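# Observations on chain architecture
Residue strings, one per chain:
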Amino acid sequence: QVQLVESGGGLVQAGGSLRLSCAASGGTFTYYGMGWFRQAPGKEREFVAAIRWSGPTTSYADSVKGRFTISRDNAKNTVYLQMNSLKSEDTAVYYCAADKFLRLERSKVAATYDYWGQGTQVTVSS
């Protein structure tokens, strides 16, 4: 049974930082692309960032580029989202997702991903 579990969310002041983690279990995710999405109340799920299994190739939403960094440790089956210079508009539930042989041209589409975590709340106060 494949399971993704996010952690690291919480309350932070604007301008602060948080590091989210997503631990995958139930298989080996060496060849899985990983993505982060977020969803604010009453809004649709929004793409944040994605990374291929090899690590060097990444993709970011324009709203977070230069502030957020996605990375992964394949040996630990874990993906991270380092969030710096946080803004109030970053407030949302953040979800990680996994898809085998992810193509980055499809990485912004939530339906692309096969597995999802339960989400972790990030709240940024101003």
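Here we summarise the structure given alongside this text. (Residues numbered from 1 in each chain as written. Predicted model: local features only at pLDDT ≥ 70, side-chain atom pairs only at ≥ 80, totals over all residues. Heavy atoms only, no water.)

### Brief notes about the sheet that holds strand S8 (residues 78-83)
Within the open sheet, the 4 strands sit side by side as S1-S3-S8-S7. Their pairing is antiparallel. The open sheet has two edge strands with one neighbour each: strand S1 (3-7) and strand S7 (68-73). Adjacent strand axes in the sheet meet at a mean angle of 15°, parallel and antiparallel pairs treated alike. Note: strand S3 (residues 18-25) against S8, 6 bridges, orientation antiparallel. From the neighbouring strand, Leu18 faces S8, where its bridge partner is Met83. (Pairing = 2+ DSSP bridges. Helix = DSSP H or I, 4+ residues; strand = E, 2+ residues; numbered from the N terminus. Axes fitted to C-alpha atoms, helices over the stretch in contact; angles between N-to-C directions.)

### Things to note about the packing of aromatic side chains
This model, assessed by the stated rule, comprises 7 aromatic pairs. Centroid distance Tyr32 to Tyr115: 6.3 Å. Interplanar angle 45°. Geometry classified as tilted. Separated by 83 residues along the polypeptide, Tyr32 in strand S4 (residues 32-39) and Tyr115 in strand S10 (residues 115-116) bring together distant segments of the chain. Each residue in the set Phe37, Phe47, Tyr113 and Trp116 is aromatic and connected to the rest through ring pairs, giving one cluster. Taking NZ or CZ as reference, Arg19 lies 3.9 Å from the ring centre of Tyr80, over its face. Directly above the ring of Tyr95 sits Arg45, whose terminal nitrogen or CZ lies 4.2 Å from the centroid. (Phe/Tyr/Trp six-rings, centres within 6.5 Å; stacked < 30°, edge-to-face > 60°. Lys NZ or Arg CZ within 6 Å of the ring centre and 35° of its normal.)

### Examining the environment of Gln3
The topology assignment puts Gln3 in strand S1. Residues Gln3 and Ala24, spaced 21 residues apart in sequence, show a C-alpha to C-alpha distance of 5.7 Å.

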